[in-house]
Amino acid sequence: MKLQMHSIHFEADKQLTDFIQQRVDKLETFYDRVVEGEVFLKHNNSDGNETKTVEIKLFVPGSTLFSKEDASSFEAAADAAVEAMRRQLKRFKEKQLAH
């Protein structure tokens, strides 16, 4: 899957981008018609708490799926966002099969 990584106001290292790429690639086992995807990595410093946000946007025929998760590390946020996206993909696929 073609995946664009956007790290906002910092430079993500290769290890992190490879980790996220691997996780997102696994989503294709649930729905194989994903056209492309975008991942946004952000640092949040609200309320004095340093959290990391991962947003995943996947483009599928006729729709765009989106998930956003916060956690103390990018890896944890990516895992949570991928899990949320997995549920959305399964629901989307079931809807497609129902039509």
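Residues numbered from 1 in each chain as written. Predicted model: local features only at pLDDT ≥ 70, side-chain atom pairs only at ≥ 80, totals over all residues. Heavy atoms only, no water.

## Comments concerning the overall build of the protein
Keep this limit in mind: Starting at the N terminus, helices and strands are each numbered in turn, a helix being any DSSP run of H or I of at least four residues and a strand any DSSP run of E of at least two. Radius of gyration here uses only the C-alpha atoms, and the compact-globule reference equals 2.2 Å multiplied by the residue count raised to the power 0.38. A simple rule labels every residue: compare its accessible area, found with a 1.4 Å probe on the protein chains alone, to the largest value its type can have, and call it buried under 20%, exposed over 50%, or partly exposed in between. Residue contacts are counted whenever heavy atoms from the two residues lie within 4.5 Å of one another. Throughout, the Shrake-Rupley method with a 1.4 Å probe supplies accessible areas, and for residues the shown protein chains are the sole cover considered. A positive count includes Lys and Arg, and a negative count includes Asp and Glu. His and the chain ends are not counted in either. In this description, the location of a charge corresponds to atom NZ of lysine, CZ of arginine, CG of aspartate or CD of glutamate.
When its secondary structure is counted, the protein shows two helices and four strands. Along its sequence from the N terminus, the protein presents helices and strands in the succession β-α-β-β-β-α. A globule of 99 residues ought to have a C-alpha radius of gyration of about 13 Å, and the protein, at 14 Å, matches this closely. Dimensions of the protein, computed from C-alpha atoms along their principal axes, come out at roughly 50 × 25 × 20 Å. Burial status across the protein gives 35% buried among its 99 residues. Put simply, of all contacts in the protein between residues at least 6 apart along the chain, 51% involve residues at least 24 apart. Counting only carbon and sulfur atoms, one obtains 47% of the accessible surface of the protein, whose full area is about 6000 Å². Taking the 15 positively charged and 17 negatively charged side chains of the protein as two groups, their mean positions are separated by 7 Å.

## Structural notes on the packing of aromatic side chains
Short version of the rule: Side-chain rings of Phe, Tyr and Trp (the six-membered ring for Trp) are treated as a pair once their centres are within 6.5 Å; stacked means planes under 30 degrees apart, edge-to-face means over 60, and tilted covers the remaining angles. Here, over-ring charges are defined by two tests on the NZ atom of lysine or the CZ atom of arginine: distance to the ring centre within 6 Å, and angle to the ring normal within 35 degrees.
Applying the stated rule across the entire model yields two aromatic pairs. For the ring pair F10 and F74, a centre distance of 5.3 Å and an interplane angle of 15° mean the geometry is stacked. Note that F10 is positioned in the loop between β1 (2-7) and α1 (14-25) and F74 in helix α2 (residues 74-98), a separation of 64 residues in sequence. Given the relative accessible area of 6%, F74 is considered buried. The positively charged end of R86 is found above the aromatic ring belonging to F30, 5.4 Å away from the centroid.

## Some remarks on the pattern of salt bridges
Stated precisely, the cut-off is as follows: When a carboxyl oxygen of Asp or Glu is within 4 Å of a side-chain nitrogen of Lys or Arg, the pair counts as a salt bridge.
Taken as a whole and assessed by the stated rule, the structure comprises seven salt bridges. With its nearest N and O atoms 2.7 Å apart, the salt bridge here joins R23 to D79. Of this pair, R23 sits in helix α1 while D79 sits in helix α2, and the two are 56 residues apart along the sequence. Shared partners join several salt bridges into a network, and the residues in it are K42, E55 and K68.

## Things to note about the environment of I56
Along the chain, the position of I56 falls in strand β3 (residues 51-60). Along the primary structure I56 and Q4 are separated by 52 residues, whereas in three dimensions their C-alpha atoms are 9.9 Å apart. Once residues within four sequence positions are removed from consideration, I56 is found in contact with V24, E38, V39, L65, F66, S67, A81, V82 and M85.

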